[in-house]
There are 2 protein chains.
Amino acid sequence: MHAVVSGHRLPYISGRTGNLTARRSKRANTTVRMAFREDGPTVAVVGVTGAVGQEFLQVLSDRDFPYRSIRMLASRRSAGRHLSFENREYTIEELSPESFDGVDVALFSAGGSVSREFGPVAAERGAVVVDNSSAFRMDPGVPLVIPEVNPDAMKHIRLEGRSKGAIIANPNCSTIICLMAATPLHRRAKVVRMVVSTYQAASGAGAAAMEELELQTREVLDGKRPTCKIFKQQYAFNLFSHNAPVLSNGYNEEEMKLVKETRKIWNDEDVKVTATCIRVPVMRAHAESVNLQFENPLDEDTAREILKGAPGVVVIDDRGANRFPTPLEVSNKDDVAVGRVRQDVSQDGNHGLDIFVCGDQIRKGAALNAVQIAEMLL
Amino acid sequence: MHAVVSGHRLPYISGRTGNLTARRSKRANTTVRMAFREDGPTVAVVGVTGAVGQEFLQVLSDRDFPYRSIRMLASRRSAGRHLSFENREYTIEELSPESFDGVDVALFSAGGSVSREFGPVAAERGAVVVDNSSAFRMDPGVPLVIPEVNPDAMKHIRLEGRSKGAIIANPNCSTIICLMAATPLHRRAKVVRMVVSTYQAASGAGAAAMEELELQTREVLDGKRPTCKIFKQQYAFNLFSHNAPVLSNGYNEEEMKLVKETRKIWNDEDVKVTATCIRVPVMRAHAESVNLQFENPLDEDTAREILKGAPGVVVIDDRGANRFPTPLEVSNKDDVAVGRVRQDVSQDGNHGLDIFVCGDQIRKGAALNAVQIAEMLL
């Protein structure tokens, strides 16, 4: 029942799609590949039963990723289940070191511990790992990549004629969505400080969190006590500080990812970032209020033009109609939407801007970005 | 049906209380005043059928406000309806100039146009008006007051032996909730710049908006197209830029209230404020992410101690348990809750703090603050 609404519980098994989110493409279930590219890479999807794992398949199909074959990998719990993808039947295999023999590209989204255990194993066996967890993001030897932002960070890694594997890290969803909008402005006027407040969706905590939000909402509307398993407090009609562990400096891990990953991706140790990360009762797209301070002046009209020309970014900024980006509008979409572009009245001399950004957490925030990285390897 | 959940549709008429919000006190329906203060003021409640109007009654009762009598005033549409309050029956009267004859304190919450038309009339007839609308807030002759913050702004206005009436403005809900937490810190270290991102509840748009949020949520869960009357887009499981009109500088009116009202309340034309105001699918309490820059250093421990000692403020800041303020927790509560108090890593030398604030929009954001102002008149 809940899967019908949250729409992200194994769509390739249940065939269901969501109605809390914008209509998702059904292409994946209907397209027939004329031919599989015999010269294409063999792909492994690690954590295929999760929300991001399922989105990996959706994106591979939507983009006609030229794979030779795909291995559907998950924990023992899901091993043996059947899965239908692009008119072929697959049996989900239990993840093991041997799973990566002959694999060219391994898309990981099964949590940090699985990545830490199997990421290096997959790389040793020659696979290029694109890891969606935080396990290797800050490792100096691991590129942290948003294709539209810092493709050069991975240019030394190729599939063709490679002698060994490698690991490439996918940034955190909040970082990807923020930097998709902030980077084009940073290139023009150099961001010196960024104050970010997030409005984060349930999907960041996985499909089970999305189902809990829906279940709780039904319970509260029925006057019942809400079920709190994934989160320890009521989420329906409420919001709370992000559930990531809080560090000794008072920031939670989610917030420090924005601080540290921005520095690494921009290759700028001096950029100052602070963030407050909040979970809101929204299903699958994040929103972020971003205040920017620039080294050089940048007026709002120029900023809007820069954003309109930025790859993977769409500008929704109609002041007269009070129409700006919303999480629902970007759900199941590739582009990150930006609006509320305005000169910051609290800063002098056009050295500040406020913007509001929305992006699909599962798609550009995770699966799409990872597949784009894989495409750059070809 | 929706009133049962939103719980703010004429509780004194329907007797219903909410279950989407924290349990509200039922005292108002059960208390019997031993004696009405014959020397107390005659109070007029303008807009008594609205969410704030109903909360005026709740707060007057909760605080044993010593009124001699109360006039229940509303538009013609509601005139003639019966209302039970503190074991007395009232008939709602249609608002007219004569409504204010003999009235000492008039609590207005019926929108800006009603305030503009009848506020001066009530004052002419000798009443002290406490106006919850934005009509007079920026009028240099009208005090804009948060009792815990700037009581001196209204010290020249008294009920006893007054020769004429006056108008006192209640600040905007977002301003009140933000400044309840920021002011004690401002007094210690002087805030030079404040970056605010809000997470605003449906109640700010009135009881009908709360009902629409609930109705839409039921519809979306049932797979139906959501009803959009109050807001022009889906609110359930979504969020959007505040619906206030957007001004030529790109800020909406709600955001500029935070900018301008802060300067007036702090009597500091130099304080720099920027705000991004967002509506989230929460019923009746606002949350705000506030980044503070100080002229003088202020460490987080000192800040927390200052906040613990601040009137009307409660600190909820348990990093180990990841327990911080939530809108649900402060719903129907008087105190504004503050947490996530931490040194801003993007600022040097203890000159910055990040905090997260939650407050009941209808109560401290509106009705309670107004009744506190009325109490100061006694």
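Under an unreviewed UniProt entry, the name given to chain A is Aspartate-semialdehyde dehydrogenase protein, and the organism recorded is Dioscorea alata.

Trainee: What is the right way to look at the relation of the copies chain B and chain A in this model?
Mentor: What connects the two chain copies is a rotation about an axis and a shift along it. For the pair chain B and chain A, the best superposition has an RMSD of 0.0 Å and corresponds to a rotation of 180 degrees with a translation of 0.0 Å parallel to the axis. The transformation just described matches what one would write down for a two-fold rotation axis.

Trainee: Sorry, what's going on with the interface of chain B and chain A here?
Mentor: When the parts come together, some accessible area is lost, and that loss is often what is quoted as the size of the interface. Of the residues lining the interface, 68 residues belong to chain B; the matching set on chain A comes to 68 residues. Both sides of the chain B and chain A interface together cover about 5400 Å² of buried area, and 54% of this is carbon and sulfur. When the area that chain B buries against chain A is broken down by residue, the three leading residues are Tyr199, Leu221 and Phe237 of chain B, summing to 12%. Counting every contact that joins chain B to chain A gives 8 salt bridges. The salt bridge partner of Lys272 of chain A is Asp348 of chain B, with a shortest N-O separation of 3.8 Å. Applying the counting criterion to the chain B and chain A interface returns 46 residue pairs in polar contact (both at pLDDT 80 or more).

Trainee: I'm lost on helix H7 (residues 207-221) of chain B in this one. Help?
Mentor: Since the α-helix packs 3.6 residues into each turn, any two residues three or four apart lie on the same face. Residues and elements named next belong to chain B. Between its first and last C-alpha atoms H7 spans 21 Å; for 15 residues at 1.5 Å apiece the expected length is 21 Å, and the two agree. Among the 15 residues in H7, 13 count as buried, and that is most of the element. Looking one or two places after H7, you find Gly223, whose phi comes out positive at around 80 degrees.

Trainee: Explanation requested: the pairing of strand E1 (residues 42-46) of chain A in the structure shown.
Mentor: The two faces of the sheet receive side chains in turn, since in a regular strand these alternate between them. All names here are of chain A. For E1, a buried count of 5 out of 5 residues is recorded, marking the element as mostly surrounded by other parts of the structure. Across the two faces of E1 the burial is the same, with Thr42, Ala44 and Val46 and Val43 and Val45 all buried. Note: E1 against strand E2 (residues 69-74), 5 bridges, orientation parallel. The residue of E2 that forms the bridge with Ala44 is Arg71. Following the chain from E1 across helix H4 (residues 51-62) to the adjacent parallel E2, one finds a crossover that is right-handed.

Trainee: Can you walk me through the side chain of Arg319 of chain A in this structure?
Mentor: Inspection of the secondary structure puts Arg319 of chain A in the loop between strand E13 (313-315) and helix H10 (327-330). A polar contact is formed between the side chain of Arg319 of chain A and the side chain of Glu300 of chain A, at a distance of 3.0 Å.

Trainee: Would you mind going over the sheet that holds strand E7 (residues 128-131) of chain B with me for this structure?
Mentor: Where strands meet in a sheet, backbone hydrogen bonds hold them as pairs that are either parallel or antiparallel. Residues and elements named next belong to chain B. Spatially, the 6 strands line up as an open sheet ordered E5-E2-E1-E6-E7-E8, and their pairing is parallel. Edge strands, defined here as strands with exactly one partner in the open sheet, are strand E5 (93-94) and strand E8 (166-169). Set on the sheet, helix H5 (residues 112-124) makes contact with strand E1 (42-46), strand E6 (105-108), E7 and E8; between it and E6 the angle comes to about 175 degrees. Contacting E6, E7 and E8, helix H11 (residues 363-377) crosses the sheet at an angle of about 170 degrees to E6.

Trainee: Got a minute to help me understand the pattern of salt bridges in this structure?
Mentor: Two side chains of opposite charge can pair, provided their charged atoms sit close to one another. All names here are of chain A. The full count for this structure, using the stated rule, is 54 salt bridges over all chains. A salt bridge links Arg137 to Glu261; its shortest N-O distance comes to 3.2 Å. Here Glu261 lies in helix H8 (residues 253-266) and Arg137 lies in the loop between strand E7 (128-131) and strand E8 (166-169), a separation of 124 residues in the sequence. Just as Arg137 is buried, Glu261 falls in that class too.

Trainee: Just checking my understanding: could you explain the packing of aromatic side chains for this structure?
Mentor: Here the distance between the centres and the angle between the planes together describe a pair of aromatic rings. Counted according to the given criterion, the structure contains 13 aromatic pairs over all chains. A ring pair is formed by Phe231 of chain A and Tyr235 of chain A, whose centres lie 5.1 Å apart and whose planes are at 75 degrees; its orientation type is edge-to-face. Connected via pairs of aromatic rings, a cluster forms that spans Tyr199 and Phe356 of chain A together with Tyr199 and Phe356 of chain B. Over the ring of Phe324 of chain A we find Arg340 of chain A; its NZ or CZ atom is 5.2 Å from the centre of that ring.

Trainee: Which parts of the structure should I look at to understand the packing of helix H6 (residues 173-189) of chain B against helix H9 (residues 300-308) of chain B?
Mentor: Helix packing geometry: the angle between the two helix axes and the distance between the axes. All names here are of chain B. The interhelical angle for the contact between H6 and H9, taken along N-to-C directions, is 120 degrees, at an axis separation of 9 Å. By the criterion of interaxial angle, the relationship of H6 to H9 is oblique. Judged by the twist between their axes, the crossing of H6 over H9 is right-handed. Facing Ala181, Pro184, Leu185 and Arg188 of H6, the residues of H9 in contact are Thr302, Ala303, Ile306 and Leu307.

Trainee: Just checking my understanding: could you explain the sheet that holds E13 of chain A for this structure?
Mentor: Residue and element names in this part refer to chain A. Spatially, the 7 strands line up as an open sheet ordered E10-E11-E9-E12-E15-E14-E13, and their pairing is mixed. Two strands close off the open sheet at either side, each with one partner strand: strand E10 (240-241) and E13. The pairing of strand E14 (residues 336-343) with strand E15 (residues 352-360) spans 5 bridges and is classified as antiparallel. Pairing of Ala337 across the sheet is with Cys358, part of E15. Most of the contacts of helix H6 (residues 173-189) go to strand E12 (residues 285-294), to which it runs at about 30 degrees, and overall it touches strand E9 (191-200), E12, E13, E14 and E15. On the sheet, H8 packs against E9, strand E11 (272-279) and E12 and is oriented at approximately 140 degrees with respect to E11.

Trainee: I keep staring at unusual backbone geometry and nothing clicks. Help me out?
Mentor: Across the chain, the bulk of peptide bonds are trans and the bulk of non-glycine residues have phi less than zero. All names here are of chain B. With phi around 50 degrees, Asp64 is a residue other than glycine that occupies positive phi space. Checked against the element boundaries, Asp64 lands in the loop between helix H4 (51-62) and strand E2 (69-74). Note on Asp64: relative accessible area 41%, which makes it partly exposed. Its identity is not glycine, yet Asn350 carries a phi of approximately 55 degrees, on the positive side. Turning to its location among the elements, Asn350 is positioned in the loop between strand E14 (336-343) and strand E15 (352-360).

Trainee: I would appreciate a short explanation of the confidence of the model for chain A in the present structure.
Mentor: The predicted structure's coordinates, where accompanied by low pLDDT, should not be read in detail. Residue and element names in this part refer to chain A. Looking at chain A, the pLDDT average stands at 91 and 90% of residues meet or exceed 70. In the predicted structure, residues 1-10 sits below a pLDDT of 50 and forms 43 contacts with residues beyond four places in sequence or in another chain. Considering only residues more than four positions removed or in separate chains, one finds that residues 13-30, a stretch of pLDDT under 50, has 59 contacts. The complex prediction reports pTM at 0.93, with the ipTM value standing at 0.92.

Trainee: Teacher, can you tell me more about the state of the cysteines here?
Mentor: By definition, a disulfide links the sulfur atoms of two cysteines through a covalent bond. Residue and element names in this part refer to chain A. Across all of its chains, the model carries 0 disulfides over all chains by this definition. Of the cysteine sulfurs around Cys173, a residue in no disulfide, the closest is that of Cys277, at 8.8 Å. The thiol of Cys178 is unpaired, and the distance to the nearest cysteine sulfur, on Cys277, comes to 9.8 Å. Of the residues examined, Cys178 reaches a relative accessible area of 0% and is grouped as buried.

Trainee: It is not clear to me how the environment of Pro226 of chain A should be interpreted in this structure. Could you clarify?
Mentor: All names here are of chain A. Counting through the fold element by element, Pro226 comes out in the loop between helix H7 (207-221) and E10. Owing to a relative accessible area of 17%, Pro226 belongs among the buried residues under this scheme. Between the C-alpha atom of Pro226 and that of Ala236, which follows or precedes it by 10 residues, the distance is 8.1 Å. Ignoring sequence-local partners within four residues, the contact set of Pro226 consists of Gln216, Glu219, Val220 and Gln234.

Trainee: Explain helix H9 (residues 300-308) of chain A here, please?
Mentor: Residues and elements named next belong to chain A. Of the residues making up H9, those classed as buried are Glu300, Ala303, Arg304, Ile306 and Leu307. The arc enclosing the buried residues of H9, seen along the axis, measures out at 160 degrees, which places them on a common side. Residues of H9 that are exposed and angled more than 90 degrees away from the buried face: Glu305 and Lys308. If you follow the buried residues of H9, they end up packed against H6, E13, E14 and E15. Where H9 begins, one side-chain oxygen reaches toward the backbone nitrogen of Asp301, 3.0 Å away; that side chain belongs to Asp299.

Trainee: Whenever I open this one, the side chain of Arg363 of chain B confuses me. Can you help?
Mentor: On the secondary structure map, Arg363 of chain B appears in helix H11. For Arg363 of chain B, the side chain forms a polar contact with the side chain of Glu55 of chain B, separated by 2.9 Å.

The rules behind each value
Residues numbered from 1 in each chain as written. Chains lettered and ligands numbered in written order. Predicted model: local features only at pLDDT ≥ 70, side-chain atom pairs only at ≥ 80, totals over all residues. Heavy atoms only, no water. Least-squares fit on C-alpha atoms with pLDDT ≥ 70 in both. Contact = heavy atoms within 4.5 Å. Buried area = accessible area lost by both parts, 1.4 Å probe. Salt bridge = Lys/Arg side-chain N within 4 Å of Asp/Glu carboxyl O. Polar contact = N/O pair within 3.5 Å; in protein donor to acceptor, adjacent residues only side chain to side chain. Helix = DSSP H or I, 4+ residues; strand = E, 2+ residues; numbered from the N terminus. Expected span 1.5 Å × (residues − 1). Buried < 20%, exposed > 50% of the residue type's maximum accessible area, 1.4 Å probe, protein only. Pairing = 2+ DSSP bridges. Right-handed = clockwise from strand over helix to strand, strands pointing away. Axes fitted to C-alpha atoms, helices over the stretch in contact; angles between N-to-C directions. Phe/Tyr/Trp six-rings, centres within 6.5 Å; stacked < 30°, edge-to-face > 60°. Lys NZ or Arg CZ within 6 Å of the ring centre and 35° of its normal. Parallel < 35°, antiparallel > 145°, perpendicular 65-115°, else oblique. Left-handed = near helix turned anticlockwise from the far one by under 90°. pLDDT = per-residue confidence, 0-100. Disulfide = S-S within 2.5 Å. Arc of directions from axis to C-beta.

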